[in-house]
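# Inside the fold
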Amino acid sequence: MNALQETTESVMTNRRNFIRAKIAVKMCGFFFEEGDAGERAYNGCFMSKTIDMSEGGMQIIHNGSLKPGMVVELRTKNAIGFPKCLKCDQYYNMRSKIELAPLTARVVWTQGSRCGLEFVKLSNLNRNVIAKIVWKKHIEEIKSSKETKQ
């Protein structure tokens, strides 16, 4: 086997660019309509919960209204500021120790009520928060798997 084949095989076995960890966070998602001049107008919302997360994106459970190619904004409870959202019953059920600035993401795939999101222009603040949480969770998973083997 030559070096090119080895490189191709190793890339194929590791499809992801970032470490992914199972993290559950309730988030509120927003649809926006973009105007001709690039302005965005609020066009509805949905509740979601993350299944897993990485620095590149996340998998969420949602109400089934998302389609591939859509761009959405996701917010944790600390970042919700719309008056309409603050009066929503779902807002009071949101609990999270994770505080992020609003995230913009593109829907990459959907399968029923699950979908994969890719972050668009992730801020350094959000990248650092997500990286810290994901790596901490990843290390915990490795430690627990080694303890169960012994």
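Computed from a prediction, not measured in an experiment: that's the story for all the values here. (Residues numbered from 1 in each chain as written. Predicted model: local features only at pLDDT ≥ 70, side-chain atom pairs only at ≥ 80, totals over all residues. Heavy atoms only, no water.)

## Things to note about the environment of lysine 49
The cut-off we apply is this: Counting from the N terminus, the helices are the DSSP runs of H or I reaching at least four residues and the strands are the DSSP runs of E reaching at least two. We call two residues in contact when some of their heavy atoms are within 4.5 Å.
Mapped onto the elements, lysine 49 comes out in strand 3 (residues 40-53). Taking C-alpha positions, lysine 49 is 6.3 Å from alanine 24, a pair spaced 25 residues apart along the chain. Beyond its immediate stretch of four places on either side in the chain, lysine 49 contacts Ala24, Val25, Lys26, Gln59, Ile60 and Ile61.

## Observations concerning the side chain of asparagine 126
Within the secondary structure, asparagine 126 is located in helix 4 (residues 124-149). Among all residues touching asparagine 126, those that are not within four sequence positions of it are Leu100, Ala101, Pro102 and Leu103.

## Thoughts on helix 4
Note the threshold: Residue count minus one, scaled by 1.5 Å, sets the expected span of a helix. Residue exposure (1.4 Å probe, protein chains only): buried if accessible area is under 20% of the type maximum, exposed if over 50%, otherwise partly exposed.
The terminal C-alpha atoms of helix 4 lie 37 Å apart, and with 26 residues this matches the ideal 38 Å at 1.5 Å per residue to within 8%. Every buried residue of helix 4 is listed here: Asn126, Ile130, Ala131, Val134 and His138.

## Points about the environment of lysine 97
Assignment of secondary structure puts lysine 97 in the loop between helix 3 (89-93) and strand 6 (103-111). Here the alpha-carbon distance between lysine 97 and valine 25, two residues 72 residues apart in the chain, equals 8.5 Å.

## Observations concerning a nonpolar patch on the surface
Note the following rule: Here, patches come from residues exposed beyond 30% relative accessible area and free of salt bridges, joined within 9 Å for like charges and within 5 Å for nonpolar side chains (Val, Leu, Ile, Met, Phe, Trp, Tyr). In short, Shrake-Rupley with a 1.4 Å probe defines the accessible areas, and a residue's cover is counted only from the protein chains shown. In what follows, salt bridge is the name for a side-chain nitrogen of Lys or Arg lying within 4 Å of a carboxyl oxygen of Asp or Glu.
Together, Ile19, Trp135 and Ile139 make up an exposed nonpolar region whose accessible area comes to about 260 Å². Inspection of the secondary structure assignment puts tryptophan 135 in helix 4.

## Quick look at the pattern of salt bridges
According to the stated counting rule, one finds three salt bridges in the structure shown. In this structure, arginine 75 engages glutamate 73 in a salt bridge whose closest nitrogen and oxygen atoms are separated by 2.8 Å. Where glutamate 118 meets arginine 106, a salt bridge forms, and the shortest distance between an N and an O atom there is 3.9 Å. Remark: arginine 106 occurs in strand 6 and glutamate 118 occurs in strand 7 (residues 114-119); sequence separation between them is 12 residues. Note on arginine 106: relative accessible area 34%, which makes it partly exposed.

## Points about the nonpolar core
The condition that has to hold: Definition used in this section: a nonpolar core is a set of buried Ala, Val, Leu, Ile, Met, Phe, Trp, Tyr and Cys residues joined via side-chain atoms within 4.5 Å.
With 23 residues, the main nonpolar core has Met58, Leu66, Leu74, Leu103, Leu117 and Ile130 as its most contacted residues. If you list the elements that add at least two residues to this core, you get strand 2 (26-34), strand 3, strand 4 (57-61), strand 5 (71-75), strand 6, strand 7 and helix 4. Contact partners of leucine 74, with chain neighbours within four places excluded, come to Met27, Cys28, Gly29, Phe46, Ser48, Met58, Pro102, Leu103 and Leu117.

## Digging into the confidence of the model for the protein
Low-pLDDT portions of the prediction should not be read for the details of their coordinates. Put simply, the rule reads: A score from 0 to 100, pLDDT tells how confident the predictor is in each residue.
Confidence in the prediction for the protein averages 79 pLDDT; 71% of positions are at 70 or higher. In the model of the protein, helix 1 (residues 3-13) stands out as the element of lowest mean pLDDT, 45, in contrast to strand 7, which has the highest, 94. Counting interchain partners and residues more than four positions distant, the pLDDT-below-50 stretch residues 1-14 has two contacts.

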